[in-house]
Amino acid sequence: MVRSLYLDSPSWKCVHEKTAGLSDRWKLRVRGYISPDGQIDRVKLEVKHRRNSKIAKTTAVISAKQYAEIRSTLLSGPAPSEITMANSPQLMEFFRLQRLFCMRPVANIQFRRQALSARTDRTVRITFDDELKAAHGTDLFDEQAHARRLLIGQLSILEVKLEGQMPFWLHHLIRKYQLQTQSVSKYVLGALTLPFGLDHIS
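In this report, we go over the structure that sits alongside the text. Since we're looking at a predicted model, the values are computed, not measured. (Residues numbered from 1 in each chain as written. Predicted model: local features only at pLDDT ≥ 70, side-chain atom pairs only at ≥ 80, totals over all residues. Heavy atoms only, no water.)

## Some details on the overall build of the protein
Spelled out, the test is: Under the DSSP-based scheme used, a helix requires at least four consecutive residues in state H or I and a strand at least two consecutive residues in state E, with every element numbered from the N terminus. Exposed residues in this analysis have more than 50% of their type's maximum accessible area, buried residues have under 20%, and partly exposed residues fall in between, with area computed by a 1.4 Å probe over protein chains only. We call two residues in contact when some of their heavy atoms are within 4.5 Å. Only the protein chains shown count as covering a residue, and every accessible area follows the Shrake-Rupley method with a 1.4 Å probe. The charge count includes Lys and Arg as positive and Asp and Glu as negative, but it does not include His or the ends of the chains. A single reference atom marks each charge: NZ on Lys, CZ on Arg, CG on Asp, CD on Glu.
The number of helices and strands found in the protein is seven helices and eight strands. Viewed in the frame of its principal axes, the protein has a C-alpha envelope of about 55 × 40 × 40 Å. Expressed as a percentage of the 202 residues in the protein, the buried residues total 39%. By sequence separation, contacts in the protein at least 24 residues apart represent 60% of the contacts at least 6 residues apart. Entry remark: accessible area of the protein is about 12,400 Å², with carbon and sulfur atoms responsible for 53%. If the 31 positive side-chain charges of the protein are averaged to one point and the 19 negative ones to another, these points end up 6 Å apart.

Have a look at this one:
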């Protein structure tokens, strides 16, 4: 299980840029991976940058304890200490953008991910995401009791992630089955589904 806490500006910068189809955009998220016993041991603070069809991520990995220490920063609290930031340019970049655009946590998205990769080719990764649900949240550890399901029935989101050029076998399958690319943003899907999204995003 994966849980992501997404941040956005008061003007819903990330939602509007995605729905407008801007080719160069970025978003901030805090991501945790839930173990079978329900615990989150490590947390990622990510800047996810898309430029046309290419995606790059700047990631800072911290412990759940460290996350607890900087949690108030996500809600307009004091900036993390210099000691916390000193050895992590990625963390500095995350909080630079957060402060510059007044980004605050707005949506908590959770889903189950199954990831596959070939034994001989690690440049291709295929993921299936299901049990997708969203809740209004300001903390990664918020309860999901009132979360809303975002996928109907047994639908899943299939993603093919490539590093470098597309391999021939994948190109062949796309042509054979006439597959079409669809862009699905879990954050935007959740933000537009939740009550606060419908009332405030225009």
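After that view, the rundown keeps rolling.
## With respect to unusual backbone geometry
With a phi close to 55°, Cys 102 is a non-glycine residue in the positive phi region. Here Cys 102 shows up in the loop between helix 4 (89-100) and strand 5 (104-117). Positive phi, close to 50°, is recorded for Glu 131, a residue that is not glycine. In this structure, Glu 131 sits in strand 6 (residues 124-136). Residue Glu 131 is classed as partly exposed on the basis of its relative accessible area of 35%.

## A word on the side chain of Ser 88
In plain terms, the rule: Polar contact is defined as a pair of N or O atoms within 3.5 Å, subject to the rule that within protein one atom must be able to donate a hydrogen and the other to accept it, and that residues adjacent in sequence are counted only when both atoms are side-chain atoms.
Within the secondary structure layout, Ser 88 lies in the loop between helix 3 (82-86) and helix 4. Ser 88 gets classed as buried once you look at its relative accessible area, which sits at 12%. Only 3.0 Å separates the side chain of Ser 88 from the backbone nitrogen of Leu 91, close enough to count as a polar contact.

## Some thoughts on the pattern of salt bridges
Where we set the bar: Between Lys or Arg on one side and Asp or Glu on the other, a salt bridge is scored when a side-chain nitrogen of the former is within 4 Å of a carboxyl oxygen of the latter.
Under the counting rule described, the total for this entry stands at 12 salt bridges. Between Asp 129 and Lys 186 there is a salt bridge, and its shortest N-O distance comes to 3.0 Å. In this pair, Asp 129 sits in strand 6 while Lys 186 sits in helix 6 (residues 186-193), placing the two residues 57 residues apart along the sequence. We note that Asp 129, like Lys 186, is buried. Taken together, the salt bridges that share partners define one network made up of Arg 113, Asp 129, Glu 159, Lys 161 and Lys 186.

## Some thoughts on the pairing of strand 2 (residues 24-34)
Selection rule: For two strands to be treated as a pair, DSSP must find no fewer than two bridges joining them.
When you tally the buried positions in strand 2, you get nine out of 11 residues, the bulk of the element. Bridge count for strand 1 (residues 2-8) against strand 2 is six bridges, and the pairing is antiparallel. When the bridges of strand 2 are listed, Tyr 6 appears paired with Arg 29. Of the strand pairs in this sheet, strand 2 and strand 3 (residues 40-51) are connected by 10 bridges, and their pairing is antiparallel. Counted as the bridge partner of Lys 27 is Lys 48 from strand 3.

## Topic: the state of the cysteines
Where we set the bar: Any cysteine sulfur atom paired with another within 2.5 Å is treated as part of a disulfide.
Counted according to the given criterion, the structure contains zero disulfides. A disulfide-free cysteine, Cys 14 has its sulfur positioned 13 Å from the sulfur of Cys 102, the nearest such atom. Since its relative accessible area comes to 5%, Cys 14 is described here as buried.

## Some points on the side chain of Lys 186
Since its relative accessible area comes to 9%, Lys 186 is described here as buried. Sequence-distant contacts of Lys 186, that is, excluding residues within four places in its chain, are made with Ile 109, Phe 111, Arg 113, Asp 129, Leu 132, Leu 150, Ile 157 and Glu 159.

## Notes on a nonpolar patch on the surface
Applicable threshold: A patch is a set of surface residues, each over 30% in relative accessible area and not in a salt bridge, joined within 9 Å for like charges and within 5 Å for the nonpolar side chains Val, Leu, Ile, Met, Phe, Trp and Tyr.
On the surface, Leu 116, Phe 128, Leu 158, Val 160, Leu 162 and Met 166 cluster together into a nonpolar patch covering about 500 Å² of accessible area. As for its placement among the helices and strands, Leu 162 is situated in strand 8 (residues 157-162). Residue classification places Leu 162 among the partly exposed residues on the basis of a relative accessible area of 33%.

## Here's the deal with the pairing of strand 1
Across the seven residues that make up strand 1, a large majority, seven, are buried. Pairing analysis gives seven bridges linking strand 1 to strand 5, with the strands arranged antiparallel. Each bridged residue has a counterpart across the sheet, and for Tyr 6 the counterpart in strand 5 is Ala 107.

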